[in-house]
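# A closer look at the structure
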Amino acid sequence: MKLETEQRQTQDLLADLAQARDEITALMDDYGAAFPTYQQVTGDLMLMRDKIAFLSNVMRQTMDVTLPNTADTEETAVALLMTEASNWGIVKNFLWLSTAPMALSITANLIARTKWVKAGGKFTRMAKWSNGLKIVRFAKFAGPVALAMEIGLWAYSEGQAKLVNADLRESIKEMRVSKDKAKAELAELKEQTRKAKADKAAMLKEAGVATVDEYVVKLKEAFVDAGALQETFNITRRMLNKGMDPSLVVELVEKADETLVARIAKRLEAEKQFVDGGSIEAVAASLDLEPEQAAEIGALVDARDAYVRGKTQLEIAELTGISNGSYIGIEETLDRAMSENWTTIESGDNFDILVQETLTRADAYADLNTELRAKTDLSAGQDVGALATKFGIDRAEVVLWASQLPLQQEEARKLRADGARTVQDIASETRLPQAMVTTV
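Everything in this summary refers to the structure shown in the same document. (Residues numbered from 1 in each chain as written. Predicted model: local features only at pLDDT ≥ 70, side-chain atom pairs only at ≥ 80, totals over all residues. Heavy atoms only, no water.)

### Examining unusual backbone geometry
Positive phi outside glycine occurs at Asp 288, with the angle close to 55°. Residue class for Asp 288 comes out exposed when judged on its relative accessible area of 66%. Look at Leu 359: it is not a glycine, yet its phi comes out positive at around 50°. Mapping Leu 359 onto the fold places it in the loop between α14 (352–358) and α15 (362–379). Classification of Leu 359 as buried rests on a relative accessible area of 3%. (Buried < 20%, exposed > 50% of the residue type's maximum accessible area, 1.4 Å probe, protein only. Helix = DSSP H or I, 4+ residues; strand = E, 2+ residues; numbered from the N terminus.)

Pasting the structure below:
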């Protein structure tokens, strides 16, 4: 009788296990059905956020005259520069962007922790769902359960039935824990979807448009206006850097009012003081800047130095903390200036004009000159250690240049074969001496 009771319990437990399995399967089906809606609305928000980030990058590289340094420079750029009170704000037609930083923050929690999506009849794991889901592959149970389900248990002894029942009870327990977690994950997905829909609706309303496509079109119009302001900024900056009187700049440059010219002039003076070795405290005090403002300007000068020395964008960002928009501006400016002055950099005679034009420290160009001379010696077969001693630099630096040299020479060879670039331009792009470019 006891064996019959154990066997009867086994059948009941198997039924409970099947029910728990079916409940989780149903939850997964619900999750799979809800996930596409979540993907759609979060995709829209990501697109809208990316457009805002791109615009703020453009603004950052152009208009960060005396912005304070914050954890989110892009958000600060939008908040400060796209407001009606700002003399250097975006065109009045786009004042709705004054609250656009919302787009940079609302995506922080958009990615749900669980990503099980049904594809082709199977559930595919996109990210970790729950450590509790140890048995989601429902056909593969451990121990005697698998065998029990196959043979119906009718041949089991009393002891075997006990083992099976214990295994089944543990499996059912785990199933219920997993079901509870699955329910919580589904509820979270639905809540995240609800919030994302509300954020999207708020952003569209803020922009005065009805669809994401209209939102993107409106931002593209803002890009045009930002580009026009960027040109104003660049022309004004070049004129002031060449020593032109600010009052004359106001007369000659469209949209360059006295306030804007004064701010750019202050920014230029700060950069020049940093190039000359000024400290953050000294620059801030001399120009009535907040220390955070002076530090941000100083970081850009440091970033230019690092770029001249051949550091990567990631290395420069880690070293200085500058935004992507600021990096783009540095890259464009220095690529042009270095190409035009590569002969001067190779000669190492006098960097004064280049320093004044690019507001980059002379030491950075001297280091680049050393790199070019070392590469000439490396190509002639000189020893790495001997060159480190000769130039008074770390051996690892010479090793790095030696490892880069074959790839740079190959790139120079390809550019020369194309025939569309000058030797000086190719040498600048590949960081090689011009004589080496002519012989590859």
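Having seen the structure, we can now continue with the description.
### Quick word on the environment of Ala 182
Within the fold, Ala 182 resides in helix α5 (residues 158–207). For the pair Ala 182 and Thr 25, spaced 157 residues apart in sequence, the C-alpha separation works out to 9.8 Å.

### Thoughts on helix α10 (residues 291–308)
Its 18 residues give α10 an end-to-end C-alpha distance of 26 Å, which sits within 8% of 26 Å, the value for a rise of 1.5 Å per residue. The buried fraction of α10 is high, at 14 of 18 residues. After α10 finishes, the residue Gly 310 shows a positive phi value of roughly 90°. (Expected span 1.5 Å × (residues − 1).)

### With respect to the nonpolar core
Side chains of a nonpolar character, in soluble globular proteins, are inclined to be buried together. Core analysis: the largest hydrophobic core is formed by 58 residues, its most contacted members being Ile 322, Met 338, Ile 345 and Tyr 365. Here this core takes nine residues from α10, the largest share from any one element. Listed in part, the 16 residues of the second largest apolar core include Val 41, Ile 52, Val 212 and Ala 226. (Core = buried A, V, L, I, M, F, W, Y, C linked by side-chain atoms within 4.5 Å.)

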